[in-house]
Amino acid sequence: VKVGRKHHQRFFIYLAISVYKFDDIGKEVNLSVFTTAEESKKITYSINKDNDFTYEVISLADYDSEEIINTIKDKIKNNVEITRKELLLFSLVPIIEKTGHVENYVEYVVNTLIDLKGLTPSIKALAYGIEWLIVDKFVKDEQTRNILCDLLGERMSLIHEYGKNKER
């Protein structure tokens, strides 16, 4: 789905809430949208005649999953620090893969993320969260999905199970 008016409004609200919430800790908050549906570009949404909201749309088609994997492998092998951007792109490898075989990459990415040591807690949480969402959406086998989600999200499948039982 291409980014449209409702998306612009929702993204603006997310950014405004985040800026407000994190203002007292001095963290800069930026918004970037990752997509497989359109090309990379900057979008400017006019809120009114005096205010615009600009953010970046990043096409995952611009990246090569094998290149990202090889970069991470080399950095791990040579004990070189992995940048935040590299880690986030690595988390997205299953959906960057152009053959559409998301599940082929999910377990590898999850296991590699789990094995990485010394990550900043906030970037680790973001990478794990991205991968958790990918696992939850794309892994068809429920048992495998629950195991991978548990590895990433500290027993999140229990919450999911509880919700299902409550629903029943």
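Here goes a summary of the coordinates provided. Given the structure is predicted, the values throughout are model-derived calculations rather than measurements. (Residues numbered from 1 in each chain as written. Predicted model: local features only at pLDDT ≥ 70, side-chain atom pairs only at ≥ 80, totals over all residues. Heavy atoms only, no water.)

1. A word on the packing of aromatic side chains
- For the structure shown, the criterion picks out four aromatic pairs.
- Relative to F53, the ring of F12 has its centre 5.2 Å away and its plane inclined at 65 degrees; by these criteria the two rings are edge-to-face. Of this pair, F12 sits in helix α1 (residues 5–22) while F53 sits in strand β3 (residues 51–59), placing them 41 residues apart in sequence.
- Assessed through its relative accessible area of 4%, F53 is described here as buried. (Phe/Tyr/Trp six-rings, centres within 6.5 Å; stacked < 30°, edge-to-face > 60°. Helix = DSSP H or I, 4+ residues; strand = E, 2+ residues; numbered from the N terminus. Buried < 20%, exposed > 50% of the residue type's maximum accessible area, 1.4 Å probe, protein only.)

2. Observations regarding the sheet that holds strand β2 (residues 41–48)
- One open sheet holds the three strands; their spatial order is β1-β3-β2, and the pairing between them is mixed. Whereas interior strands pair on both sides, the edge strands pair on one side only; in this sheet they are β1 (32–35) and β2. Taken over all neighbouring pairs, the strand axes of this sheet differ in orientation by 30 degrees on average, direction set aside.
- Here β1 pairs with β3 via four bridges, running parallel. Within β3, the position partnered with S32 by the bridge is E56.
- Where α1 meets the sheet, its contacts fall on β1, β2 and β3, and the angle it forms with β3 comes to roughly 105 degrees. (Pairing = 2+ DSSP bridges. Axes fitted to C-alpha atoms, helices over the stretch in contact; angles between N-to-C directions. Contact = heavy atoms within 4.5 Å.)

3. What to know about the side chain of R145
- Within the secondary structure, R145 sits in helix α6 (residues 142–153).
- Within the buried set, R145 has no salt-bridge partner at all; the shortest N-O distance to an opposite charge, 4.2 Å, is to D136.
- Discounting chain neighbours no more than four positions away, the residues touching R145 are V135, D136, V139 and K140. (Lys, Arg positive; Asp, Glu negative; His and termini not counted. Salt bridge = Lys/Arg side-chain N within 4 Å of Asp/Glu carboxyl O.)

4. Looking at the pairing of β3
- As defined by bridge partners, β2 adjoins β3 across seven bridges and the pair is classed as antiparallel. Note on β3: the bridge partner recorded for Y45 is F53.
- A loop of two residues connects β2 with β3, the two strands running antiparallel in sequence.

5. Some thoughts on the layout of surface pockets
- The calculated volume of the largest pocket comes to roughly 2000 Å³.
- Around the largest pocket sit 40 residues that line it, and S32, F34, L88, L126 and I130 are the ones nearest its centre.
- Those elements that place two or more of their residues in the lining of the largest pocket are α1, β1, α3 (84–96) and α5 (121–138).
- If you tally residues by element for the lining of the largest pocket, the top one is α5, at nine residues.
- Here the residues of the lining of the largest pocket sort into 25 nonpolar, nine polar and six charged.
- Taken together, 15 residues make up the lining of the second largest pocket; nearest its centre are E81, I82, K117, G118 and L119.
- Every element with two or more residues in the lining of the second largest pocket is listed here: α2 (65–77) and α3.
- Among the residues forming the lining of the second largest pocket, the class breakdown is seven nonpolar, four polar and four charged. (1 Å grid on protein atoms, 1.4 Å probe; cavity = no way out; pocket = protein on both sides within 12 Å on 5 of 7 lines; lining within 4 Å. Points joined across faces, edges and corners; volume = space filled by probe spheres on them. Nonpolar A, V, L, I, M, F, W, Y, C, P; charged D, E, K, R; others polar.)

6. Quick notes on α1
- In a regular helix each residue adds 1.5 Å, so 18 residues correspond to 26 Å; α1 covers 26 Å between its end C-alpha atoms and thus fits that length.
- Here α1 has its buried residues at H8, F11 and L15. Taken around the axis of α1, the buried residues stretch over an arc of 70 degrees, which confines them to a single face. Every exposed residue of α1 that faces more than 90 degrees away from the buried side is listed here: K6, I17, Y20 and K21.
- On the buried face of α1, the contacting elements are β1, β2 and β3. (Expected span 1.5 Å × (residues − 1). Arc of directions from axis to C-beta.)

7. Things to note about unusual backbone geometry
- At N79, a residue that is not glycine, the phi angle is positive and equals roughly 55 degrees.
- Mapped onto the elements of the fold, N79 is located in the loop between α2 and α3.
- Given a relative accessible area of 72%, N79 falls into the exposed group.

By themselves these figures say nothing about function.
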